[in-house]
Amino acid sequence: MLENISFANPDFFWLFLLLPLAILWYIFKNKEETAALRISTLQGFRHNSLLPKLKPALFLLRLLALSAIIVAMARPQTEDISTRTKTTKGIDIVMAIDVSSSMLARDLKPNRLSALKKVASDFIKKRPNDRIGLVVYAGESYTKTPITTDKGIVLNALRDISYGQLEDGTAIGMGLATSVNRLKESKAKSKIIILLTDGVNNSGFIEPQTAADLATEYGIKTYTIGLGTNGNALTPINYNADGSFRYGMRQVEIDEELLESIAEVTGGKYFRATNNETLEEIYDEINKLEKTEIEEFKYYRYEEKFRPWVLLAGVFLLLEWVLRNTLFRSFI
């Protein structure tokens with residue numbers, strides 16, 4: 001397996017420019033040292049030895065030794081990088097979800113509640129470093145899941161949310177107050193509520209504005225989402241004989257003024273989701289607005305690799321010296 005090699009002193013590679021100069025010097029020197037003798041015939045001087053022709057190999061060995069020394073001077077080394085991350089700013093999030101019968105309206109596909117559960121699930125998976133809890137509300141409210149770092153528990157609880165678990169109605173104040181109660185003791189540097197509804201506050205004994213004031217007192221930012229198309233939507237209006245819902249077209253009514261006021265008072269933001277795509281975009285925007293700060297530490301460990309190159313240069317020089325003083329001794 002190839003190692004990740006880097007060089008501590010790459011400037012030494014400029015020394016490779018000396019190699020062409022050394023070659024030119026060698027050629028020029030050989031011409032100067034070669035004596036010329038004119039004779040009528042070479043008969044008697046011919047021999048079959050290859051050693052004179054191989055004499056330049058000595059110079060080649062010296063060049064290879066010089067190249068290895070230059071590489072060694074550049075200090076080749078392997079780099080081992082290990083990282084460790086630390087969450088420096090944790091965020092605690094409570095998602096308050098309306099589960100009234102109108103959440104079964106089919107202006108979002110397959111209905112509002114199913115569309116929300118899918119988008120909320122994706123949002124949770126994108127927040128691995130935060131604690132998340134779930135609150136559900138209709139005519140009343142309760143905590144489905146306390147804030148936790150265990151995303152498996154939260155996702156399972158989210159999948160389990162359905163209509164019929166609470167008395168019907170839309171108690172926005174109750175849903176918000178329960179969410180505040182889950183976060184008020186939190187030590188996180190940032191605390192937020194994502195409150196979603198598709199209607200008008202018509203139930204509960206806590207006024208939404210009172211709950212919003214509580215959120216402000218505890219430093220809890222609230223993002224509010226109004227869910228439903230503009231105009232009419234196919235909505236449950238009555239029960240059939242078999243207990244299933246009978247659907248009919250109804251005017252979509254969302255108290256946007258109230259939701260905007262809650263968001264403004266708490267330092268959050270109001271969004272309107274009219275279809276599946278805009279709902280996804282809203283959760284993506286909230287995900288970008290509320291970033292968890294992650295501090296990453298990198299540790300570097302270097303292992304020097306110049307020694308093999310020094311040894312290689314020594315081998316080339318030793319081989320050149322041995323050959324020069326043995327096989328090529330008569331030709332030098």
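As shown above, the structure is provided for reference.
The rules we used
- Residues numbered from 1 in each chain as written.
- Predicted model: local features only at pLDDT ≥ 70, side-chain atom pairs only at ≥ 80, totals over all residues.
- Heavy atoms only, no water.
- Core = buried A, V, L, I, M, F, W, Y, C linked by side-chain atoms within 4.5 Å.
- Buried < 20%, exposed > 50% of the residue type's maximum accessible area, 1.4 Å probe, protein only.
- Helix = DSSP H or I, 4+ residues; strand = E, 2+ residues; numbered from the N terminus.
- Expected span 1.5 Å × (residues − 1).
- Phe/Tyr/Trp six-rings, centres within 6.5 Å; stacked < 30°, edge-to-face > 60°.
- Pairing = 2+ DSSP bridges.
- Axes fitted to C-alpha atoms, helices over the stretch in contact; angles between N-to-C directions.
- Salt bridge = Lys/Arg side-chain N within 4 Å of Asp/Glu carboxyl O.
- Contact = heavy atoms within 4.5 Å.
- Polar contact = N/O pair within 3.5 Å; in protein donor to acceptor, adjacent residues only side chain to side chain.

(A) Quick peek at the nonpolar core. The biggest cluster of nonpolar side chains holds 36 residues, and the ones touching the most others in it are M95, I225, L279 and Y283. Broken down by element, this core gets its largest block of residues, seven residues, from helix α4 (residues 112-125). A177, L183, L258 and Y270 belong to the second largest nonpolar core, which has 24 residues in total.

(B) Looking closely at helix α3 (residues 56-73). Taking 1.5 Å per residue as the helical rise, α3 with its 18 residues ought to reach 26 Å, and the 26 Å between its terminal C-alpha atoms agrees with that figure. For α3, every residue scored as buried is listed here: L58, F59, L61, L63, A65, S67, A68, I70, V71 and A72. Looking one or two places after α3, you find R75, whose phi comes out positive at around 55 degrees.

(C) Summary view of the packing of aromatic side chains. Summed over the entire model, instances satisfying the criterion amount to six aromatic pairs. For the ring pair Y163 and F245, a centre distance of 5.4 Å and an interplane angle of 55 degrees mean the geometry is tilted. Pair noted here: Y163 is in the loop between α5 (151-160) and α6 (172-183) and F245 is in strand β9 (residues 245-251), with a separation of 82 residues, a long-range link.

(D) Looking closely at the sheet that holds strand β6 (residues 190-197). The sheet built from six strands is open, its strands ordered β5-β4-β3-β6-β7-β10 with mixed pairing. Every interior strand has two partners, whereas the edge strands, β5 (141-148) and β10 (270-273), have only one. Pairwise comparison of adjacent strand axes, ignoring direction, gives a mean angle of 15 degrees for this sheet. Two strands pair when backbone bridges link them, and β6 and strand β7 (residues 220-227) are joined in this way by seven bridges, in the parallel orientation. The partner of L195 across the bridge, within β7, is T224.

(E) Layout of the pattern of salt bridges. Scanning the entire structure with this criterion turns up 14 salt bridges. Across the salt bridge formed by D122 and K118, the nearest N and O atoms sit 3.6 Å from each other. Taken together, the residues D122 and K118, both in helix α4 and four residues apart, mark about one turn of the helix. Here K118 falls in the exposed class, since its relative accessible area comes to 51%. By sharing partners, the salt bridges in this structure join R62, E320 and R324 into a single network.

(F) Summary view of α6. Counted at 1.5 Å a residue, the expected span for α6 with its twelve residues is 16 Å, and the 17 Å between its end C-alpha atoms agrees. The buried fraction of α6 is high, at ten of twelve residues. If you check which residues of α6 are buried, you get I172, G173, M174, G175, L176, A177, T178, S179, V180 and L183.

(G) Spatial organisation of the environment of F16. Following the sequence through the fold, F16 ends up in the loop between β1 (5-7) and α1 (18-33). Each C-alpha atom of the pair F16 and V71 lies 9.3 Å from the other, and the pair is 55 residues apart in sequence. The residues contacting F16, other than those within four sequence positions of it, are S67, I70 and V71.

(H) Representation of the side chain of T148. Position of T148 relative to the elements: it lies in strand β5. With relative accessibility at 18%, the residue T148 sits in the buried group. Polar side-chain contacts of T148 include one of 3.0 Å to the backbone nitrogen of D150. Excluding its chain neighbours within four sequence positions, the residues that come into contact with T148 are D130, R131, I132 and V154.

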